[in-house]
Amino acid sequence: EPEVTQTPSHQVTQMGQEVILRCVPISNHLYFYWYRQILGQKVEFLVSFYNNEISEKSEIFDDQFSVERPDGSNFTLKIRSTKLEDSAMYFCASSELEFAGDPSNYGYTFGSGTRLTVV
Amino acid sequence: ELKVEQNPLFLSMQEGKNYTIYCNYSTTSDRLYWYRQDPGKSLESLFVLLSNGAVKQEGRLMASLDTKARLSTLHITAAVHDLSATYFCAVGVQFYFGTGTSLTVIP
């Protein structure tokens, strides 16, 4: 079964450093997303990306965050200057063009996540 | 911003018992999802509900959607230990997630 792959699985970084989280979405998917989950809390939407541009973003996704699809396969989330409160699990997800294919497949496929710890 | 609330937040139940988790959301949406998350793991898709009155069942789990009441339920029948996990509902195209229900099934 196709998977969304995220690397690294764990990342420890010092406060103020830049981090790049990487994701390889499912190959025929066109919509890409980043979510974060602070330990023990709910999953929060960060940003959605389609056709090489951000389609929606949440209040969490401030100027410290950016996303990029540098080539045909990778989708990255960059945090420019990490803060302690950025420590969380970051999930990438992808989905097909809406309403295409199997109607039961309107759900997203999530990656296994990157646990980011800022110290 | 669409708000999604789940209750209960924590649920401890004995094996063999039945229980229902509720998901309420604040504004109209044409889709609702249920996900399962095991500790330290990613989100596993359980159900996608796309219309009012939709009901889907998989094993001991059954999900339903009432778009007029803005309510979805996840019913657990004859719980087994393997169902212990956190269950999230998510609403809308942006996937606004609920607060999650942490389920523990006790032998």
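Residues numbered from 1 in each chain as written. Chains lettered and ligands numbered in written order. Predicted model: local features only at pLDDT ≥ 70, side-chain atom pairs only at ≥ 80, totals over all residues. Heavy atoms only, no water.

In the predicted model, chain A carries a mean pLDDT of 88, and the fraction of residues at 70 or more is 91%. Low confidence marks residues 99-103 of chain A, where pLDDT is under 50. Its contacts with residues over four positions away, or in another chain, come to three contacts. (pLDDT = per-residue confidence, 0-100. Contact = heavy atoms within 4.5 Å.)

Looking now at the pattern of salt bridges. The tally for this structure, following the rule as stated, stands at two salt bridges over all chains. The partner of glutamate 44 of chain A in a salt bridge is arginine 36 of chain A, with the nearest N and O atoms 3.1 Å apart. Salt-bridge contacts for arginine 36 of chain B lead to aspartate 38 of chain B; the nearest nitrogen and oxygen are separated by 3.0 Å. With a relative accessible area of 26%, aspartate 38 of chain B lands in the partly exposed category. (Salt bridge = Lys/Arg side-chain N within 4 Å of Asp/Glu carboxyl O. Buried < 20%, exposed > 50% of the residue type's maximum accessible area, 1.4 Å probe, protein only.)

Residues and elements named next belong to chain B. Read from one edge to the other, the open sheet built from five strands follows the order β1-β3-β8-β7-β6, with strand pairing classed as antiparallel. Of all strands in the sheet, those with a lone pairing partner are β1 (4-7) and β6 (55-58), marking the two edges. Direction aside, neighbouring strands of the sheet carry axes that sit 15 degrees apart on average. Looking at chain direction, strand β3 (residues 19-25) and strand β8 (residues 71-76) are connected through six bridges and run antiparallel. Paired with isoleucine 21 across the strands is leucine 74, a residue of β8. (Pairing = 2+ DSSP bridges. Helix = DSSP H or I, 4+ residues; strand = E, 2+ residues; numbered from the N terminus. Axes fitted to C-alpha atoms, helices over the stretch in contact; angles between N-to-C directions.)

Moving on, we come to the interface of chain A and chain B. Taken together, the contacts link 19 residues of chain A with 17 residues of chain B. The junction of chain A with chain B conceals about 1,600 Å² of combined surface from both sides, 56% of it contributed by carbon and sulfur atoms. Inspection of the region where chain A meets chain B yields zero salt bridges. Linking chain A to chain B there are two residue pairs in polar contact (both at pLDDT 80 or more). Mapped by element, the contributors of at least two residues to the side of chain A that touches chain B are β4 (31-37), β5 (43-50) and β9 (88-95) of chain A. Looking at the side of chain A that touches chain B, its residues break down into ten nonpolar, six polar and three charged. (Buried area = accessible area lost by both parts, 1.4 Å probe. Polar contact = N/O pair within 3.5 Å; in protein donor to acceptor, adjacent residues only side chain to side chain. Nonpolar A, V, L, I, M, F, W, Y, C, P; charged D, E, K, R; others polar.)

Turning our attention to the state of the cysteines. Disulfides are covalent bonds that connect the sulfur atoms of two cysteines. Residues and elements named next belong to chain A. Under the criterion given, the structure shown has two disulfides over all chains. Disulfide pairing is shown between cysteine 23 and cysteine 92; the S-S distance is 1.9 Å. Between cysteine 23 and cysteine 92, the S-S dihedral sits near -65 degrees, and the bridge is therefore left-handed. In this pair, cysteine 23 is assigned in strand β3 (residues 19-24) and cysteine 92 in strand β9, connecting sequence segments 69 residues apart. (Disulfide = S-S within 2.5 Å.)

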